[in-house]
Amino acid sequence: MAMEVAVVPRRELFIDGEWKEPVRGRRIPVINPATESVIGDVPAGTEDDVELAVSAARRAFSRNRGKDWPRASGNYRAQFLRRIAAKIIEKKDELAKLEAMDCGKPLDEAAWDMDDVAACFEYYADLGEALDGKRKVPISLPLETFKCHARKEPMGVVGLITPWNYPLLMATWKVAPALAAGCTAVLKPSELASVTCLELAEICKEVGLPAGVLNIVTGLGPEAGAPLVSHPQIDKVAFTGSTETGRQVMGYASQTIKPVSLELGGKSPIIVFEDVDIEKAVEWALFGCFWTNGQICSATSRLLLHESIADDFLDKMVSWAANIKVSDPLEEGCRLGPVVSVGQYEKIKKFILTAKNEGASVIYGGVRPQHLDKGYFILPTILTNVETSMQIWREEVFGPVLCVKTFKTEEEAIDLANDTRFGLAGAVLSNDPERCNRLTEEINAGIIWVNCSQPCFCQAPWGGNKRSGFGRELGEWGLDNYLSVKQVTEYTSSDPWGWYGRPSKL
Ligand code: NAD
């Protein structure tokens, strides 16, 4: 494998506020998926490193360590989150470039991610500050002799595990609310794209985040992720990744009965009715599936088209797809880069081949672009003649592959949309507001878009139903993920309780 000029800063694990070499000294190569070249490496942490990281986070959660992070004011913690946000913006270009080279996403998208990362830290700084006034929730009781309140407290030391499709953003969705809530954390990013998370560690050092509040252990899932989930000193696990790994994570967490929130895969529908503006709808359908190179959990990768507009829609969609610039993510105007790894590339090609063998037709793409002889590139791919029994209709591809079916009636569209074991997202495109409203209720998913697909804001809840997981990130729900509720009840009467008879010899 070719070795490019190393662009990835050499970093170690981030434990207790310091860089620490992994105990076993191993490293994982970082491969640029556009060039197939090694551009650096990241440490491969294992159980021993997880042990050190969890101990550091536990100490930082204890009284008077980590400048008493969990008991400090929201304003104290918010100052660090805001400094982190400012540093992200200061280093935006550099971070976006690293992200694009590490996971293959177009540079414009990576830059957009960095804005979202900074906005998310700012947002949770505000929410964490506001929490001070809302921590105590008074509860009125039917007995006057008791006074009660519920108190929201940081959950403790949390384990955060994230995927590679939005490496720094997915980490931020967890780190920002966890820290704002007063938790301390150990983050385990994906081994396929950890570079920007290690840059976040550098930023934490630069802003003087107290030691142990955030620890970052890169490494393989079974070697670093599994021991983190199983660790008895971890109080909660927040996981984003595939449904299969999520199932394993639930299993490990069950050993110590720790709460888990799971953001898993999807196979989301986009329903296009006959009354839409076709060009606008075509663009949303493409964006909904090919944004982030098709590697989005919420990709609306099952297109349901009203049969009366299908021919016109598909003709236009193929023309638009052919116009998408597929290139090295760093090239100006790139709108589709390579998929993240050779493993993912082979997996997607196999999905397409199986679909063809099962009788589906590729009306665009399905192969690598002719002008690119290196890199894990696959053209945006559109499949018709898809049956609901086919693998391509039922399973998450996690690549730029869109499959299409037509429908006649609204009821049929709803049935097709809900005929999936996933329930992450869905989109409905129609100029009839009442119909849109009906479908927002009928589609079984955690996120529904109307006349668009994919926009995401850190103020709004994010998460899925069915095998797409449970729990919600972002918004106030994201903060609640890291808070536990304690009941405090006080007996206020001057009279004795009087349940037992008073012993006569007293
Ligand atoms: P993955 O499940 O392979 O890996 C996710 C993380 O889990 C990685 O950090 C990995 O190292 C770790 N891991 C792997 N095995 C583990 C184990 N046994 N114990 C603990 N940790 C382990 O997923 P991926 O390929 O990195 O990401 C793609 C998946 O993520 C897709 O299914 C996608 O839909 C999903 N995703 C979901 C959301 C969402 O918000 N719902 C967002 C982004 C991605």
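Reference entry: report on the structure contained in this document.

Cut-offs and rules
- Residues numbered from 1 in each chain as written.
- Predicted model: local features only at pLDDT ≥ 70, side-chain atom pairs only at ≥ 80, totals over all residues.
- Heavy atoms only, no water.
- Axes fitted to C-alpha atoms, helices over the stretch in contact; angles between N-to-C directions.
- Helix = DSSP H or I, 4+ residues; strand = E, 2+ residues; numbered from the N terminus.
- Parallel < 35°, antiparallel > 145°, perpendicular 65-115°, else oblique.
- Contact = heavy atoms within 4.5 Å.
- Nonpolar A, V, L, I, M, F, W, Y, C, P; charged D, E, K, R; others polar.
- Buried < 20%, exposed > 50% of the residue type's maximum accessible area, 1.4 Å probe, protein only.
- Arc of directions from axis to C-beta.
- Polar contact = N/O pair within 3.5 Å; in protein donor to acceptor, adjacent residues only side chain to side chain.
- Pairing = 2+ DSSP bridges.
- Phe/Tyr/Trp six-rings, centres within 6.5 Å; stacked < 30°, edge-to-face > 60°.
- Lys NZ or Arg CZ within 6 Å of the ring centre and 35° of its normal.
- Near = heavy atom within 4 Å.
- Domains from an automatic or database assignment.
- Patch = residues over 30% accessible without salt bridge, like charges linked within 9 Å, V, L, I, M, F, W, Y side chains within 5 Å.
- Areas by Shrake-Rupley, 256 points an atom, 1.4 Å probe, with all protein chains shown as cover.
- Salt bridge = Lys/Arg side-chain N within 4 Å of Asp/Glu carboxyl O.
- Left-handed = near helix turned anticlockwise from the far one by under 90°.

A closer look at the packing of helix 4 (residues 107-131) against helix 5 (residues 167-181)
(1) Moving on: For the pair helix 4 and helix 5, the least separation of the axes is 9 Å and the interaxial angle reads 10 degrees. Classified by the angle their axes make, helix 4 and helix 5 are roughly parallel. On the side of helix 4, the interface is formed by D113, M114, D116, V117, C120, F121, Y124 and G128, while helix 5 contributes L168, L169, T172, W173, V175, A176, P177 and A180.
(2) Moving on: Residues of the contact of helix 4 with helix 5, tallied by class, amount to twelve nonpolar, two polar and two charged.

What to know about helix 14 (residues 433-442)
(1) Moving on: Within helix 14 the residues assigned to the buried category are R435, C436 and L439. The buried side chains of helix 14 occupy one side of the element, clustering within an arc of 100 degrees when seen end-on. Facing away from the buried surface of helix 14 by more than 90 degrees, the exposed residues are P433, E434 and E441.
(2) Moving on: The N-cap residue of helix 14 is D432: its side-chain oxygen and the backbone nitrogen of E434 are 3.0 Å apart.

Some thoughts on the sheet that holds strand 6 (residues 146-154)
(1) Moving on: Strand order in this open sheet of three strands is 5-6-22, and the pairing throughout is antiparallel. The strands lining the two open edges of the sheet, one partner per strand, are strand 5 (136-139) and strand 22 (483-491). Looking at each pair of strands side by side, their axes are set apart by 25 degrees on average, direction ignored.
(2) Moving on: Across nine bridges, strand 6 lies against strand 22 in antiparallel orientation. When the bridges of strand 22 are listed, A150 appears paired with Q487.

Notes on the environment of S430
(1) Moving on: Tracing the backbone through its elements, the reader meets S430 in the loop between strand 18 (425-429) and helix 14.
(2) Moving on: Counting along the chain gives 121 residues from S430 to I309, while the straight-line C-alpha distance between them is 12 Å.
(3) Moving on: The contact partners of S430, leaving out residues within four places of it in the chain, are F273, D275, V276, R435, C436 and N451.
(4) Moving on: Within the structure, the side chain of S430 is placed 3.5 Å from the side chain of R435, a separation counted as a polar contact.

A short note on the packing of aromatic side chains
(1) Moving on: For the coordinates displayed, the defined rule picks out 16 aromatic pairs.
(2) Moving on: Judged by centre distance (5.2 Å) and plane angle (75 degrees), the rings of W164 and F398 are edge-to-face. On the criterion of sequence distance, the pair formed by W164 in the loop between strand 7 (157-161) and helix 5 and F398 in the loop between helix 12 (391-394) and strand 16 (401-407) is long-range, its members being 234 residues apart. There is no split in this pair, since W164 and F398 are both buried.
(3) Moving on: On the numbers, 5.3 Å between centres and 75 degrees between planes, the contact of F273 with F407 is edge-to-face. With a gap of 134 residues between them, F273 in the loop between strand 12 (269-272) and helix 9 (278-290) and F407 in strand 16 connect regions that are remote in the sequence. For the pair F273 and F407, one class covers both residues: buried.
(4) Moving on: A network of ring pairs unites the aromatic residues W112, W284, F287 and W291 as a single cluster.
(5) Moving on: In this structure, R83 packs its charged tip against the face of F80, placed 4.8 Å from the ring centre.
(6) Moving on: Against the face of Y482 rests K236, its NZ or CZ located 5.5 Å from the ring centre.

Observations concerning the site of the ligand
(1) Moving on: With respect to spatial proximity, 28 residues lie near the ligand, and among them K188, E191, S242, T245 and E396 are the closest.
(2) Moving on: One of the side-chain N or O atoms of W164 is found 2.9 Å from an oxygen atom in the ligand.
(3) Moving on: E396 places a side-chain nitrogen or oxygen 2.6 Å from an oxygen atom of the ligand.
(4) Moving on: Split by residue class, the shell around the ligand holds 13 nonpolar, eleven polar and four charged.
(5) Moving on: Residues from two domains meet in the shell around the ligand; each of domain 1 (14-264 + 468-488) and domain 2 (269-450) gives at least three.

Here's the deal with a nonpolar patch on the surface
(1) Moving on: Side chains of Y491, W497, W499 and Y500 sit close together on the surface and give an oily, nonpolar patch of about 630 Å² of accessible area.
(2) Moving on: As for its position among the elements, Y500 is in the segment after strand 22.
(3) Moving on: Of the residues examined, Y500 reaches a relative accessible area of 70% and is grouped as exposed.

Here we look at the packing of helix 5 against helix 6 (residues 195-206)
(1) Moving on: Where helix 5 meets helix 6, the axes come as close as 7 Å, and the angle between the chain directions of the two elements is 50 degrees. Considering their axes alone, helix 5 and helix 6 lie oblique with respect to each other. Crossing angle aside, the handedness with which helix 5 passes helix 6 is right-handed. Facing P167, L168 and A171 of helix 5, the residues of helix 6 in contact are T196, C197 and L200.
(2) Moving on: Here the residues of the contact of helix 5 with helix 6 sort into five nonpolar, one polar and no charged.

Focus: the sheet that holds strand 19 (residues 447-450)
(1) Moving on: Taken together, the seven strands give an open sheet; going across it, the order is 14-15-16-13-12-18-19, and neighbouring strands pair in mixed fashion. The sheet is open, and its two edges are formed by strand 14 (361-364) and strand 19, each paired on a single side. Taken over all neighbouring pairs, the strand axes of this sheet differ in orientation by 25 degrees on average, direction set aside.
(2) Moving on: Here strand 14 runs beside strand 15 (residues 381-384); their pairing, made up of three bridges, is antiparallel. In the strand pairing of strand 15, V362 is matched with L383.
(3) Moving on: Helix-sheet contacts for helix 10 (residues 310-322) involve strand 12, strand 13 (302-306), strand 14, strand 15 and strand 16, and the interaxial angle to strand 13 is about 140 degrees.

Here we look at the pattern of salt bridges
(1) Moving on: Enumeration over the complete set of coordinates arrives at 33 salt bridges.
(2) Moving on: Between R59 and D16 there is a salt bridge, with the nearest N and O atoms lying 2.8 Å from each other. In this pair, R59 is assigned in helix 1 (residues 47-61) and D16 in the loop between strand 1 (13-15) and strand 2 (18-20), connecting sequence segments 43 residues apart.
(3) Moving on: A relative accessible area of 19% places D16 in the buried class.
(4) Moving on: Between E490 and K147 there is a salt bridge, with its nearest N and O atoms 4.0 Å apart. Separated by 343 residues along the polypeptide, E490 in strand 22 and K147 in strand 6 bring together distant segments of the chain.
(5) Moving on: Of the residues examined, E490 reaches a relative accessible area of 40% and is grouped as partly exposed.

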